[in-house]
Amino acid sequence: MVPLLAVLLLVLLLFGAGFALKALWWVALIVLAVWLLGFVIRPTAGGGGRRSGRWYRW
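Quick caveat: nothing in here was measured; it's all calculated off a predicted structure. (Residues numbered from 1 in each chain as written. Predicted model: local features only at pLDDT ≥ 70, side-chain atom pairs only at ≥ 80, totals over all residues. Heavy atoms only, no water.)

Asker: Describe in detail the overall build of the protein chain, supporting the description with residues and values.
Answerer: A count of helices and strands for the protein chain gives one helix and zero strands. The buried share of the protein chain, taken over its 58 residues, is 5%. Just so you have it, the protein chain exposes about 5,500 Å², and 80% of that area is on carbon and sulfur atoms. (Helix = DSSP H or I, 4+ residues; strand = E, 2+ residues; numbered from the N terminus. Buried < 20%, exposed > 50% of the residue type's maximum accessible area, 1.4 Å probe, protein only. Areas by Shrake-Rupley, 256 points an atom, 1.4 Å probe, with all protein chains shown as cover.)

The following block contains the structure:
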């Protein structure tokens, strides 16, 4: 009974880790798309240098 529970626990942990990694890949792709859109879509107003056209602070 104990080995069966250990195997089931291992399968549950591996499934959870796989799902978490897949979700993290989707989050990373969304963040990358937003970051790239930040370079394409810049506000036209603002009279500063190059840095004032960015919508993020860094």
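Asker: Go over a nonpolar patch on the surface, please, and point to the residues and values.
Answerer: Judged by side-chain polarity, Trp 26, Leu 29, Leu 32, Trp 35, Leu 36, Leu 37, Phe 39, Val 40 and Ile 41 come together as a nonpolar surface patch covering roughly 920 Å² of accessible area. Here Phe 39 lies in helix H1 (residues 2-40). Accessibility expressed as a relative area gives 33% for Phe 39, which makes it partly exposed. (Patch = residues over 30% accessible without salt bridge, like charges linked within 9 Å, V, L, I, M, F, W, Y side chains within 5 Å. Salt bridge = Lys/Arg side-chain N within 4 Å of Asp/Glu carboxyl O.)

Don't take any of this as a statement about function, it's just geometry.
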